[in-house]
Amino acid sequence: MTRRQFIDCLNKEHKAFNCSFGSLIVGGIGLVLFGFGKGLFWGFGASTVGFLVGGWISKQWFLGSLQRKIYWHLPFADIWLDSNIPSSSNRREL
């Protein structure tokens, strides 16, 4: 059996301005929420923290660990995701 080879552009994380989309989105949300609520100084601090947290979440999503956890630990996954998925007790059989 041969190994699958994927095209490089399909395996790369989506980025804009060399930053992942998740980090830009969460950083922007932090800037807007805290910038309007507390002031510009707090907004920049919150956007920095949001940028780092969003980058971590985006990386975990891209690597598949968050997708796996959602798939196996989401209640009623057969309703939300797909009716043909096995129950979480059968995950070692895959």
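Our structure's up above, just so we're on the same page.
Predicted model only: the values in this text are computed from it and were never measured.

**Q** Is there a simple way to think about the environment of Ser23 in this case?
**A** With respect to the helices, strands and loops of the structure, Ser23 is situated in helix 2 (residues 21-37). On the accessibility criterion, Ser23 (3% relative accessible area) is buried. Sequence separation between Ser23 and Val49 is 26 residues; the distance between their C-alpha atoms is 9.6 Å. In contact with Ser23, not counting residues within four places along its chain, are Gly50, Phe51, Gly54 and Gly55. Polar contacts involving the side chain of Ser23 include one to the main-chain carbonyl oxygen of Ser20, which spans 2.8 Å.

**Q** I'm lost on the packing of helix 3 (residues 40-63) against helix 4 (residues 65-73) in this one. Help?
**A** Geometry of a packed helix pair, given as the angle between the helix axes and the separation of the axes. It is at 4 Å that the axes of helix 3 and helix 4 come closest, and there the two elements cross at 70°. Judged by the angle between their axes, helix 3 and helix 4 are roughly perpendicular. From helix 3, Ile57, Gln60, Trp61 and Leu63 reach across to helix 4, where they touch Ser65, Leu66, Gln67, Arg68 and Ile70. A class-by-class count of the residues in the contact of helix 3 with helix 4 yields 5 nonpolar, 3 polar and 1 charged.

**Q** I would appreciate a short explanation of unusual backbone geometry in the present structure.
**A** Excluding glycine, residues mostly have negative phi values, and the peptide bonds linking residues are mostly trans. Residue Phe17 is not a glycine yet carries a positive backbone phi of 55°. Along the polypeptide, Phe17 turns up in the loop between strand 1 (15-16) and strand 2 (19-20). For Phe17, a relative accessible area of 80% gives the class exposed. Of note, the phi angle at Asn18 is positive, near 60°, even though the residue is not glycine.

**Q** Can you help me understand a nonpolar patch on the surface in this one?
**A** There is a patch of nonpolar side chains on the surface, built from Phe17, Phe21, Leu24, Ile25, Val26, Ile29, Leu33, Phe34, Phe41, Trp42, Phe51 and Leu52 and spanning about 1,300 Å² of accessible area. Those elements that provide at least two residues to the nonpolar patch are helix 2 and helix 3. The leading source of residues in the nonpolar patch is helix 2, at 7 residues. Inspection of the secondary structure puts Val26 in helix 2.

So, how was this worked out
- Sequence positions are assigned chain by chain, starting from 1 and proceeding in written order.
- The predicted nature of this model means local features are confined to residues of pLDDT at least 70 and side-chain atom pairs, given and counted, to a pLDDT of 80 or more, with totals for whole chains, interfaces and linings taken over all residues.
- Only heavy atoms go into the side-chain values, all of them from the structure, while hydrogens and water stay out.
- Strands here are runs of E lasting at least two residues and helices are runs of H or I lasting at least four, both read from the DSSP assignment and numbered beginning at the N terminus.
- With a 1.4 Å probe rolled over the protein chains alone, any residue whose accessible area is under 20% of its type maximum counts as buried; one over 50% counts as exposed, and the rest are partly exposed.
- Any pair of residues with heavy atoms lying within 4.5 Å of one another is described as a contacting pair.
- Whenever two N or O atoms come within 3.5 Å, that pair is a polar contact, provided that in protein one can donate a hydrogen and the other can accept it, and provided that, for residues adjacent in sequence, both atoms are side-chain atoms.
- Axis geometry follows a simple rule: fit a line to the C-alpha atoms, using only the stretch in contact for helices, then measure angles between N-to-C directions, giving values from 0 to 180 degrees.
- If an angle is under 35 degrees, it is roughly parallel; if it is over 145, roughly antiparallel; if it lies from 65 to 115, roughly perpendicular; otherwise it is oblique.
- Only Asp, Glu, Lys and Arg are considered charged, only Ala, Val, Leu, Ile, Met, Phe, Trp, Tyr, Cys and Pro nonpolar, and every remaining residue, Gly among them, polar.
- Note on patches: the residues involved have over 30% relative accessible area and no salt bridge, like charges join within 9 Å, and the nonpolar side chains Val, Leu, Ile, Met, Phe, Trp and Tyr join within 5 Å.
- In short, Shrake-Rupley with a 1.4 Å probe defines the accessible areas, and a residue's cover is counted only from the protein chains shown.
- What makes a salt bridge here is a side-chain nitrogen of Lys or Arg within 4 Å of a carboxyl oxygen of Asp or Glu, nothing more.

Such coordinate-based values are descriptive only and should not be taken to indicate function.
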